[in-house]
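# Inside the fold
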Amino acid sequence: FTGVNPATTGTDGIAEITFTSSSSTGDSPDVVQANYNSGAVTQNITLPLVNGAVSYYTVVPADLTPTAGDAAQTVTVTAYDQYGNTVINSDALTVSKLPAGSGAVFTPVSGWAFSASATYQFTVSDNIAENFSIRVVKTSNTEVSGTSDEISVSAATPATLTEVTGGGAITVGTDRLLRV
């Protein structure tokens with residue numbers, strides 16, 4: 001072995017080295033070359049790179065500025081290892097709204113788990129003008145999670161206005177609360 005970490009050879013004639021793999025699966029495979037006598041004898045060792053365990057999720061809503069009452073929008077969750085490589089998995093998820101409260105409704109497309117995939121999708125709809133984020137947590141390990149950017153739901157334009165209270169004659173110069 002050559003390079004920044006030369007090998008040591010034991011009395012049994014076996015050379016050994018501690019090798020640190022690349023951090024991106026896009027670099028796969030790693031190939032290490034052992035050589036003797038400046039390359040007179042060589043041996044390549046091919047090491048296919050595989051992803052690490054899921055370390056975090058990204059949570060990306062299709063629209064960060066929907067209007068209350070809009071059709072449900074798709075939210076895409078992607079699983080990554082600690083080096084930013086996507087991870088195919090079957091993790092079960094818990095999805096919640098931050099801050100907690102009413103309004104947002106989450107609907108699974110097919111259960112609340114990845115299905116041998118690096119991405120999972122569900123939908124969210126909201127009938128209330130509010131700001132919130134979506135938090136996704138791995139059910140079996142709450143340290144693995146992800147939170148969306150803030151979603152800002154604006155009030156919908158009303159189709160009609162209806163008088164609720166306050167109609168009828170009013171004496172000049174007086175105040176009255178009117179509600180529609």
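Residues numbered from 1 in each chain as written. Predicted model: local features only at pLDDT ≥ 70, side-chain atom pairs only at ≥ 80, totals over all residues. Heavy atoms only, no water.

### Re the overall build of the protein chain
Note the threshold: The numbering of helices and of strands both runs from the N terminus, where a helix is a DSSP run of H or I of at least 4 residues and a strand a run of E of at least 2. Each radius of gyration reported is based on C-alpha atoms, and the globular scaling rule is 2.2 Å times the count of residues to the power 0.38. Should any heavy atoms of two residues lie within 4.5 Å, those residues are counted as being in contact. By the counting rule applied here, Lys and Arg register as positive and Asp and Glu as negative, while His and the ends of each chain are not counted. Every charge is mapped to an atom, namely NZ of Lys, CZ of Arg, CG of Asp or CD of Glu.
A tally of helices and strands in the protein chain yields zero helices and 12 strands. Tracing the protein chain from N to C terminus, the helices and strands come up as β-β-β-β-β-β-β-β-β-β-β-β. A compact globule built from 180 residues should have a C-alpha radius of gyration of about 16 Å, whereas the protein chain, at 29 Å, is more than 25% larger. Principal axes of the C-alpha set define a box for the protein chain whose edges measure 110 × 35 × 25 Å. Pairs at least 24 apart in sequence give 51% of the contacts found in the protein chain among residues at least 6 apart. Looking at charge distribution, the protein chain has the averaged site of its 5 positive side-chain charges lying 20 Å from that of its 15 negative ones.

### Notes on a nonpolar patch on the surface
Short version of the rule: Residues qualify for a patch when their relative accessible area is over 30% and they have no salt bridge, like charges being joined within 9 Å and the nonpolar side chains of Val, Leu, Ile, Met, Phe, Trp and Tyr within 5 Å. Here the open area of atoms and residues is found with the Shrake-Rupley method and a 1.4 Å probe, where only the protein chains shown may cover a residue. Here, a salt bridge means any side-chain nitrogen of Lys or Arg that lies within 4 Å of a carboxyl oxygen of Asp or Glu.
A cluster of nonpolar side chains, contributed by Phe-19, Ile-45 and Leu-47, occupies part of the molecular surface with about 220 Å² of accessible area. Checked against the element boundaries, Ile-45 lands in strand E4 (residues 41-47).

### Focus on unusual backbone geometry
The test is simple: The buried label applies to any residue whose accessible area, calculated with a 1.4 Å probe on protein chains only, is under 20% of its type's maximum; exposed applies above 50%, and partly exposed to all values in between.
Residue Pro-29 is reached from Ser-28 by a cis peptide bond, and omega for that bond is -5 degrees. With respect to the element layout, Pro-29 can be found in the loop between strand E2 (15-16) and strand E3 (30-36). Backbone torsion omega between Leu-98 and Pro-99 reads -5 degrees, so that peptide bond is classified as cis. Among the structural elements, Pro-99 can be located in the loop between strand E7 (93-98) and strand E8 (104-108). Its identity is not glycine, yet Ala-116 carries a phi of approximately 50 degrees, on the positive side. The residue Ala-116 is located in the loop between E8 and strand E9 (119-126) in this model. Residue classification places Ala-116 among the exposed residues on the basis of a relative accessible area of 57%.

### Quick word on the sheet that holds strand E6 (residues 73-80)
Test applied: DSSP bridges decide pairing: two strands pair if at least two such bridges lie between them. Lines fitted to C-alpha atoms define the axes here, with helix axes fitted over just the stretch in contact, and angles between the N-to-C directions of these axes take values from 0 to 180 degrees.
An order of E5-E6-E9-E8 is seen for the four strands of this open sheet, with the pairing classed as antiparallel. Taken across any chain shown, the strands that pair with only one partner, and hence form the sheet edges, are strand E5 (56-61) and E8. Strand-to-strand twist of the sheet, defined as the mean angle between neighbouring strand axes without regard to direction, takes the value 30 degrees. Sheet topology places E8 next to E9; five bridges connect them, and they run antiparallel. Among the inter-strand pairings, Ala-104 is bridged to a residue of E9, identified as Asp-126.

### A look at the confidence of the model for the protein chain
Our working definition: For every residue, the predictor assigns a confidence score, pLDDT, that lies between 0 and 100.
Here the protein chain shows a mean pLDDT of 89. Residues at 70 or above account for 97%. Across the protein chain, E5 holds the top mean pLDDT of 98, while strand E1 (residues 8-9) sits lowest at 76.

### Considerations on the nonpolar core
Defined as follows: Buried Ala, Val, Leu, Ile, Met, Phe, Trp, Tyr and Cys residues that are joined via side-chain atoms within 4.5 Å together make up what is termed a nonpolar core.
Formed by 22 residues in total, the largest nonpolar core has its most connected members in Tyr-57, Phe-122, Ile-134 and Val-136. Listing elements by their share of this core, those giving two or more residues are E5, E6, E7, E8, E9, strand E10 (130-138) and strand E12 (151-153). With residues near it in sequence (within four places) discarded, Tyr-57 still touches Val-77, Thr-78, Ala-79, Asp-91, Leu-93, Phe-114, Val-136, Val-137, Lys-138, Val-144, Ser-145 and Gly-146.

### Thoughts on the layout of surface pockets
In plain terms, the rule: Here the term cavity refers to a set of points on a 1 Å grid, laid over the protein atoms alone, in which a 1.4 Å probe fits but cannot get out; the term pocket refers to an open set having protein on both sides within 12 Å along at least five of seven lines, with lining residues being those that place an atom within 4 Å of a point. Grid points are joined across faces, edges and corners, and a volume is the space filled by probe spheres set on the points. Residues are grouped as follows: nonpolar covers Ala, Val, Leu, Ile, Met, Phe, Trp, Tyr, Cys and Pro; charged covers Asp, Glu, Lys and Arg; every other residue, Gly included, is treated as polar.
Put simply, the largest pocket is a space of about 180 Å³. Along the walls of the largest pocket sit 16 residues, with Ser-22, Ser-23, Gly-52, Asp-81 and Tyr-83 positioned nearest its centre. Partitioned by chemical class, the residues of the lining of the largest pocket number four nonpolar, 11 polar and one charged.

### A word on the pairing of E6
Consecutive side chains along a regular strand alternate between the two faces of the sheet. Counting buried residues along E6, six of its eight residues qualify, which places the element largely inside the surrounding structure. The sheet contact formed by E5 and E6 spans six bridges and is antiparallel. Bridge pairing in E6 links Tyr-57 to Ala-79. Across six bridges, E6 lies against E9 in antiparallel orientation. Note that in E9 the partner of Val-75 across the bridge is Phe-122.

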